[in-house]
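If you want the building blocks of each chain, they are given just below.
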Amino acid sequence: MRGGTGRSVRTIAARPARLGLTAILFGRNANRLHATAQQTHSETLSAPSHTAAAAEIRQRHPAVVINTAGPFTTTPPGVVDAHRAVGSHYIDLANDVAALSATYELHDAAVQAGHTVITGAGFGVTATESVVVKLREGRHAPLRVRVDMVPSIPMAEGTAVPMQRAHREA
């Protein structure tokens, strides 16, 4: 997992351990990586740049690459190219139109290579679109939908995180 020290990673990386799998956390800060790895029973690999992370992906051949570190408008091409080179699948947590569009541009090449590329798998996109889908059950499709939401995931006690208002229009 690229971006291996944030709150999202602590939540995501704990799942493979429960399934008997090992997550490898990539990030720039070795001390923070080590602390997160201890919490999630993961391995670590310090990668000081996107290029270094892509090189490690090529060397390690992971089954799945989960990218939790933005900016997602610049990280997907190199990381996705690396995962395609080794036959793995790609997931990211992008949550803005520019980043989603950049990753969608890689779709045809991924399909031809037999790889899965999933963008927008984070709380913002998943939660807002799920609410819209549920609310329109049994109704005609709307021409326009606006959803305002505040994303949240569990955090360590005593950690303050400024709230951000997320706005999506579909």
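Here the structure is shown first, and the text comes after it.
Below, the structure is looked at part by part.

Rules of the game
Residues numbered from 1 in each chain as written. Predicted model: local features only at pLDDT ≥ 70, side-chain atom pairs only at ≥ 80, totals over all residues. Heavy atoms only, no water. Helix = DSSP H or I, 4+ residues; strand = E, 2+ residues; numbered from the N terminus. Contact = heavy atoms within 4.5 Å. Areas by Shrake-Rupley, 256 points an atom, 1.4 Å probe, with all protein chains shown as cover. Pairing = 2+ DSSP bridges. Salt bridge = Lys/Arg side-chain N within 4 Å of Asp/Glu carboxyl O. Buried < 20%, exposed > 50% of the residue type's maximum accessible area, 1.4 Å probe, protein only. Arc of directions from axis to C-beta. Core = buried A, V, L, I, M, F, W, Y, C linked by side-chain atoms within 4.5 Å. Polar contact = N/O pair within 3.5 Å; in protein donor to acceptor, adjacent residues only side chain to side chain.

**Comments concerning the overall build of the protein chain**
Link 1 in the chain: When helices and strands are tallied, the protein chain shows seven helices and seven strands.
Link 2 in the chain: A fraction of 54% describes how many contacts in the protein chain between residues 6 or more apart in sequence connect residues 24 or more apart.
Link 3 in the chain: Roughly 10,300 Å² of accessible area belongs to the protein chain as shown, and the carbon and sulfur atoms make up 55% of that amount.

**Overview of the sheet that holds strand β4 (residues 89-92)**
Link 1 in the chain: With parallel pairing, the three strands of this open sheet are ordered in space as β3-β4-β5. Two strands lie at the open edges of the sheet, namely β3 (64-67) and β5 (117-118), each paired on one side alone.
Link 2 in the chain: As paired elements, β4 and β5 share two bridges and run parallel to each other. Across the sheet, the residue bridging to tyrosine 90 is valine 117, located in β5.

**Topic: the pairing of strand β1 (residues 24-27)**
Link 1 in the chain: Strand direction decides the pairing type here: β1 and strand β2 (residues 43-46), joined by four bridges, are parallel. Bridging from a neighbouring strand, phenylalanine 26 pairs with leucine 45 of β2.

**Considerations on the pattern of salt bridges**
Link 1 in the chain: Enumeration over the complete set of coordinates arrives at two salt bridges.
Link 2 in the chain: Across the pair glutamate 137 and lysine 134 runs a salt bridge whose closest N-O atoms are separated by 3.3 Å.

**Concerning helix α5 (residues 97-104)**
Link 1 in the chain: Taken as a whole, α5 has its buried residues at Ala99, Leu100, Ala102 and Thr103. Here the buried residues of α5 occupy an arc of 160° about the axis, which is enough to place them on one side. Along α5, exposed side chains directed more than 90 degrees from the buried face belong to Val97 and Tyr104.

**Details of the nonpolar core**
A general feature of soluble globular proteins is that nonpolar side chains tend to end up buried together.
Link 1 in the chain: If you look at the biggest cluster of nonpolar residues, it comprises eleven residues: Phe26, Leu45, Ala47, Ala53, Ala54, Ile57, Val65, Val79, Ala82, Val86 and Tyr90.
Link 2 in the chain: When residues of this core are traced back to their parent elements, those giving at least two are α3 (50-60) and α4 (76-86).
Link 3 in the chain: Each residue touching alanine 54, except ones within four places of it in the same chain, is listed here: Gly78 and Ala82.
Link 4 in the chain: Formed by six residues, the second largest nonpolar core is a distinct cluster that contains Val9, Ala13, Leu25 and Leu33.

**Topic: the side chain of serine 88**
Link 1 in the chain: Structurally, the position occupied by serine 88 is in the loop between α4 and β4.
Link 2 in the chain: For serine 88, a relative accessible area of 0% corresponds to the buried category.
Link 3 in the chain: Looking at serine 88, its side chain comes within polar contact range of the main-chain oxygen of proline 62, at 3.3 Å.

**Considering α3**
Link 1 in the chain: Listed as buried for α3 are Ala53, Ala54 and Ile57. Relative to the axis of α3, the buried residues are bounded by an arc of 100° and lie together on one face. Of the residues in α3, the exposed ones pointing more than 90 degrees away from the buried face are Thr51 and Gln59.
Link 2 in the chain: One or two steps after α3, the chain reaches histidine 61, where phi turns positive at roughly 55°.

**Side note on the side chain of asparagine 67**
Link 1 in the chain: Looking at the element boundaries, asparagine 67 is found in strand β3.
Link 2 in the chain: Of the residues examined, asparagine 67 reaches a relative accessible area of 0% and is grouped as buried.

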